[in-house]
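Residues per chain are reported as follows:
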Amino acid sequence: MTHDVLRRAADLAIQFRQGLPERRVGAQTDRATLLAALGGPLPEAGTDPVEVIEQLAAAADPGIIGMSGPRYFGFVIGGSLPASVGADWLTSAWDQNAGIYAAGPAASVVEEVAAAWLLELLDLPATASVGFVTGAQMANFSCLAAARHAVLARAGWDVGARGLSGAPEVTVVVSDEAHATVLTALGYLGLGRERNLRIPADAQGRMRVDQLEGVLGRVDGPLIVCLQAGNVNTGAFDDAVRATEAVRRHPNTWVHVDGAFGLWARSSADLASAAAGLEAADSWAVDGHKWLNVPYDSGYAIVADPAAHVAALAPAAGAYIQYAAAERDPFNFVPEYSRRARGFATYAAIRELGREGVASMIERCCTIAAHMADRLRVAEGIEVLNDVVLNQVLVRFHPSAGGDVDAHTRNVVARIQADGGAWLGATTWNGMAAMRISVSNWSTSQADADRAVELILRSATDA
Ligand SMILES: *Cc1c(COP(=O)(O)O)cnc(C)c1O
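Please read all numbers here as calculations on a predicted model, not as lab measurements.

Our focus in this paragraph is the overall build of the protein chain. Scanning the protein chain from terminus to terminus reveals 14 helices and 11 strands. Taking 2.2 N^0.38 as the reference for a compact globule, 463 residues should give roughly 23 Å; the C-alpha atoms of the protein chain span a radius of gyration of 23 Å, in line with that estimate. Considering only contacts within the protein chain whose residues lie at least 6 apart along the sequence, 73% involve residues at least 24 apart. When the accessible surface of the protein chain is totalled, it reaches about 19800 Å², and 54% of it is carbon and sulfur. For the protein chain, the separation between the mean place of its 36 positive charges and that of its 51 negative charges on side chains is 3 Å.

Turning next to the packing of aromatic side chains. For the structure on display, the rule yields nine aromatic pairs. Centroid distance Tyr72 to Trp423: 5.4 Å. Interplanar angle 5°. Geometry classified as stacked. You can see Tyr72 sitting in the loop between helix H3 (49-60) and helix H4 (82-94) and its partner Trp423 sitting in the loop between helix H13 (405-419) and strand E10 (425-429), a full 351 residues away along the chain. Tyr72 sits in the buried class, given a relative accessible area of 4%.

Here we come to the pairing of strand E11 (residues 432-438). Burial within E11 is extensive, with six of its seven residues counted as buried. With four bridges joining them, strand E9 (residues 392-397) and E11 adopt antiparallel strand pairing. Looking at the pairing, Gln392 lines up with Ser438 of E11. Bridge count between E10 and E11: five bridges; the pairing is antiparallel. Across the sheet, the residue bridging to Trp429 is Met432, located in E11. Joining the antiparallel neighbours E10 and E11 is a turn of two residues, in which Asn430 adopts a positive phi near 45°.

A word on the site of the ligand. Taken together, the neighbourhood of the ligand is formed by 13 residues, with Gln137, Asp258, Asp287, His289 and Lys290 sitting nearest. At 2.8 Å from an oxygen atom of the ligand is found a side-chain nitrogen or oxygen belonging to Asp287. In this structure, Lys290 approaches the ligand through a side-chain N or O atom, which is 2.8 Å from an oxygen atom. Protein contact buries 85% of the 380 Å² of open area that the ligand shows by itself. Taken together, the residues of the shell around the ligand sort by class into four nonpolar, six polar and three charged.

Here we take up helix H10 (residues 240-247). Among all positions in H10, only Ala240, Ala243, Thr244, Ala246 and Val247 are buried. For H10, the angular spread of buried residues about the axis comes to 160°, placing them on one side. Those residues of H10 hidden inside the fold are in contact with helix H9 (209-216), strand E4 (223-228) and strand E5 (253-258). The N-cap of H10, judged by a side-chain oxygen 3.3 Å from the amide nitrogen of Val241 a few residues on, is Asp239.

The four strands lie next to each other as E8-E9-E11-E10, forming an open sheet whose pairing is antiparallel. A strand with exactly one partner marks an edge of an open sheet, and here the two such strands are strand E8 (382-384) and E10. Going across the sheet, the axis of each strand differs from the next one's by a mean of 40°, ignoring polarity. Pairing between E8 and E9: three bridges, direction antiparallel. Residue Glu383 lies in a different strand from E9, and its bridge partner there is Arg396.

With respect to the helices and strands, the residue Asp287 is situated in strand E6 (residues 283-287). For Asp287, a relative accessible area of 1% corresponds to the buried category. Separated by 3.4 Å, the side chains of Asp287 and Lys290 make a polar contact. Apart from residues lying up to four places away in sequence, Asp287 is in contact with Gly135, Ala136, Ala260, Trp264, Ser298, Gly299 and Tyr300.

Turning next to the environment of Val50. For Val50, the position within the fold is in helix H3. You can call Val50 buried: its relative accessible area is 17%. Not counting chain neighbours up to four residues away, the residues in contact with Val50 comprise Asp4, Val5 and Arg8.

Our next topic: the pattern of salt bridges. One pass over the structure, following the stated rule, counts 25 salt bridges. Arg208 serves as the salt-bridge partner of Asp210, at 2.9 Å between the closest nitrogen and oxygen. A relative accessible area of 30% places Arg208 in the partly exposed class. Across the salt bridge formed by Arg375 and Asp450, the nearest N and O atoms sit 2.8 Å from each other. With a gap of 75 residues between them, Arg375 in helix H12 (residues 343-377) and Asp450 in helix H14 (residues 446-462) connect regions that are remote in the sequence. For Arg375, a relative accessible area of 27% translates into the label partly exposed. Through salt bridges with shared partners, a single network forms among Glu111, Asp297, Arg328, Glu336, Arg339 and Arg342.

Where helix H2 (residues 31-38) meets H3, the closest approach of the two axes is 9 Å, and the angle between their N-to-C directions is 170°. Taken together, H2 and H3 sit at an angle that is classed as roughly antiparallel. Across from Leu34, Ala37 and Leu38 in H2, the residues of H3 making contact are Leu56, Ala59 and Ala60. Looking at the contact of H2 with H3, its residues break down into six nonpolar, no polar and no charged.

Quick notes on the rules
Residues numbered from 1 in each chain as written. Predicted model: local features only at pLDDT ≥ 70, side-chain atom pairs only at ≥ 80, totals over all residues. Heavy atoms only, no water. Helix = DSSP H or I, 4+ residues; strand = E, 2+ residues; numbered from the N terminus. Rg over C-alpha atoms; globule rule 2.2 N^0.38 Å. Contact = heavy atoms within 4.5 Å. Areas by Shrake-Rupley, 256 points an atom, 1.4 Å probe, with all protein chains shown as cover. Lys, Arg positive; Asp, Glu negative; His and termini not counted. Charge placed at Lys NZ, Arg CZ, Asp CG, Glu CD. Phe/Tyr/Trp six-rings, centres within 6.5 Å; stacked < 30°, edge-to-face > 60°. Buried < 20%, exposed > 50% of the residue type's maximum accessible area, 1.4 Å probe, protein only. Pairing = 2+ DSSP bridges. Near = heavy atom within 4 Å. Polar contact = N/O pair within 3.5 Å; in protein donor to acceptor, adjacent residues only side chain to side chain. Nonpolar A, V, L, I, M, F, W, Y, C, P; charged D, E, K, R; others polar. Arc of directions from axis to C-beta. Axes fitted to C-alpha atoms, helices over the stretch in contact; angles between N-to-C directions. Salt bridge = Lys/Arg side-chain N within 4 Å of Asp/Glu carboxyl O. Parallel < 35°, antiparallel > 145°, perpendicular 65-115°, else oblique.

The following block contains the structure:
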């Protein structure tokens, strides 16, 4: 029985993956159709497992986006490397509870190994600690929990024990371009989504560090400053060297970096200069499921001071828990207790590519993004809005007969999405409608990029 169902699932998965390169990228149906195929009353009786899997795959298929394929350029969404998907399958088959070493020794050790590899790839301090979380949202949360703990501890306040009521005021600084998940994390932590100092950003979305310097002159007490490595629209980096220098003039500070995808620039000798100075921060949020091409979900909360990391996140003692002596209990670094053995997929991705493979994947994505920008910017009526410094391109479409550029731009994006040959999303940048191109997939080739460019050019003229 187990044999049959897993075989069938593997066959269906392999079939899907093989069809991915030519599959229509967008959804092929709507909610009502999916509901009709998948819904119905709670089943009273059980069903044969093979049948469950076959019916699920058939019914879900039209609602499965070709997100892992080579012509998905939406949001910032990576694909999934073959070894990483295989390791993820095994993770489910092994079904380890990777909260503690005693419940998953191999899971714990693999996290230990993958953590060291990640730090080396990202050129971050080898002594930092890494929590394997679901994504950059929880990485931002985990890192900022460590930040909150550390700056308040230095001010003589144990926030874990006493909470925030009556605590010394913590000043939090973010830029106007901070990712929504940073603000959400601040909300979760009781620091407030809005109770922070906002620094304006420049035309590329970088924090105006001159303004940061001005604001810091008026601040005292515990201070947390959030920087960004890789703006979600432009790919731009905050100037970490100058920002960190200004922040460190204060006695009690924590610099956090949201580097969900941008931090990967540090894995490439050619691109690392864009992300210079970030190693001097106190914590870093990075994704595995974006640019490392690990399947969902995968993110890393990296903290320079492991003691602060553990103090903020380690669960309260449980009498029945068998804690590790010299080994790593993974739950000390994440806001979870029982948890998936998330390290296996990351470990496999890094082993599949090696240091050279990671660097060349990151570089290739950037080269392809620049190529797409070059082809588009010379076309009549197409404007590239950002300096293409990484893997992100912002495009705006001007109607040939004149008229509403925003409406036309949205119209072009809608046409591309309706075609299904590639998927690109819309955004608003500096008050203007724009289309986003994000090149984040290991399997995207120059030919895929050219096919997408042809579709974009066609949709821009037809619209
Ligand atoms: C995607 C992204 C996030 C959120 O990451 P998730 O993995 O979706 O939780 C945070 N910050 C930046 C800059 C991002 O690009």
